[in-house]
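Listed below, chain by chain, are the residues.
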Amino acid sequence: MTKDKSAKLAKTKNKDPESLPPMGFEVIRREFMKDKLALFSLLVLIAIFLFLYVAPYFLNLESATKVQIFNRYTTPGSVVDGHTYVLGADEGGRDVLGQLILGGRNSVSIALIVTGLQMVIGVILGLISGYYGGRVDNVIMRVVDFFLIIPTIVLIIAIGTIYKSNDIYGLSLTIGFLGWMGVARLIRTRTLSEASKDYISASKTMGTYDWKIMLFELLPNISSIVITRLVLALAGNIGLETGLSFLGFGLPIGTPSLGTLIGAAKTADIIENKQWVWLPAALFILVMMLCINYVGQALQRTTDARQRLG
């Protein structure tokens, strides 16, 4: 009987690792392997980002931004003075392809900086608010409510107009410091439910410092929702920067941006007969947003076991 019991125990020990549900990045990997569209979107998104940041090293930036009035509205595929305008030229005779690469890099860089700032501020305040609760939670949430009342876009435009902070870093800091409230609310809600669990109470009983509990125990357990929010916020920030530049309150004139490229569609003639000026940027944004959306949906499913495909 003893041999039989030991054999059964050995079998169950061997089976346990396989029977355990997947955790962490294994869940994300399985989800993407099951959702081929999300996997394809992720690969396309990586390729786009690599192209935007690698291509400028092989691009003559001076010729891409140089105004050549005699080449204005050159049609796509035309060769002028030995230079091939693959996507044509804009009103100032600038190469649309070069403008698209530089503008895409500027827009994505701003969105990455803004998203990073929002996540750092929102996660820190959300963790503190949800972990301590009580008066601390009340004060932080009232500050969040105050900022949520103010229209963010109007405030960004006002600050940019007053302080002329419309270069890449100034615009990034302005948007980043005014857009963390949603992240803080989300993290605070998740932290409230997580902080009431037994492993947090056990850590407190053992005398672990609060900052260690928040960073090394709480944060890893809500990391999936942080990653999901980060990806979705990236898409929103690209759209916000594009909208501000389109309206003329984003990057300064002369600095390429996806918004300024789309903003070139000022007249009916350009919209109908010179689509190469604005259409590539519009399609670029569409593809990028779709890819981020599908990747975000896959990541969102990983946070809920009932919705997972894998």
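Keep in mind that what you see is a predicted model, and the values were worked out from it rather than measured.

A.B. asks: Whenever I open this one, the side chain of Thr228 confuses me. Can you help?
C.D. replies: Position of Thr228 relative to the elements: it lies in helix H12 (residues 223–247). Thr228 gets classed as buried once you look at its relative accessible area, which sits at 5%. Within the structure, the side chain of Thr228 is placed 2.8 Å from the backbone oxygen of Ser224, a separation counted as a polar contact. Reaching out from Thr228, the side chain makes a polar contact with the backbone oxygen of Leu299 at a distance of 3.2 Å. If we ignore the near neighbours within four places in the chain, the residues touching Thr228 are Gly296, Leu299, Gln300 and Thr303.

A.B. asks: Please explain the pattern of salt bridges as it appears in this structure.
C.D. replies: Pairing between side chains becomes possible if they bear opposite charge and their charged atoms approach one another. The full count for this structure, using the stated rule, is nine salt bridges. Glu91 is paired through a salt bridge with Arg72; the nearest N and O atoms lie 3.9 Å apart. Of this pair, Glu91 sits in the loop between strand E2 (83–85) and helix H5 (96–132) while Arg72 sits in the loop between helix H4 (61–65) and strand E1 (78–80), placing them 19 residues apart in sequence. A cluster of three or more residues bridged by salt bridges with shared partners is formed by Glu31, Asp35 and Arg301.

A.B. asks: Sorry, what's going on with unusual backbone geometry here?
C.D. replies: Negative phi is the rule for most residues except glycine; trans is the rule for most peptide bonds. Residue Tyr73 is not a glycine yet carries a positive backbone phi of 55°. Within the secondary structure, Tyr73 is located in the loop between H4 and E1. Assessed through its relative accessible area of 16%, Tyr73 is described here as buried.

A.B. asks: What's the story with the packing of aromatic side chains in this structure? I'm lost.
C.D. replies: The geometry of an aromatic ring pair is captured by the separation of the ring centres together with the interplanar angle, meaning the angle of the planes. Enumeration according to the criterion identifies four aromatic pairs in this entry. By the ring-pair criterion, three or more aromatic residues cluster together here, those being Phe146, Phe147 and Trp180. Just above the ring of Tyr131 sits the side chain of Lys204; from NZ or CZ to the centre is 4.7 Å.

A.B. asks: I would appreciate a short explanation of the UniProt feature "transmembrane region" (unreviewed entry) in the chain in the present structure.
C.D. replies: Here, the residues flagged by UniProt with the feature "transmembrane region" (unreviewed entry) are residues 37–59, 110–131, 143–162, 168–187, 218–238, 244–264 and 276–296. Taken as a whole, residues 37–59 contains 78% helix and 0% strand, while its terminal C-alpha atoms sit 32 Å from one another. Helix makes up 100% of residues 110–131 and strand 0%, whereas the separation of the span's terminal C-alpha atoms amounts to 31 Å.

Each value, and the rule that gives it
Residues numbered from 1 in each chain as written. Predicted model: local features only at pLDDT ≥ 70, side-chain atom pairs only at ≥ 80, totals over all residues. Heavy atoms only, no water. Helix = DSSP H or I, 4+ residues; strand = E, 2+ residues; numbered from the N terminus. Buried < 20%, exposed > 50% of the residue type's maximum accessible area, 1.4 Å probe, protein only. Polar contact = N/O pair within 3.5 Å; in protein donor to acceptor, adjacent residues only side chain to side chain. Contact = heavy atoms within 4.5 Å. Salt bridge = Lys/Arg side-chain N within 4 Å of Asp/Glu carboxyl O. Phe/Tyr/Trp six-rings, centres within 6.5 Å; stacked < 30°, edge-to-face > 60°. Lys NZ or Arg CZ within 6 Å of the ring centre and 35° of its normal. UniProt positions renumbered as here; feature names shortened; annotations may be inferred.

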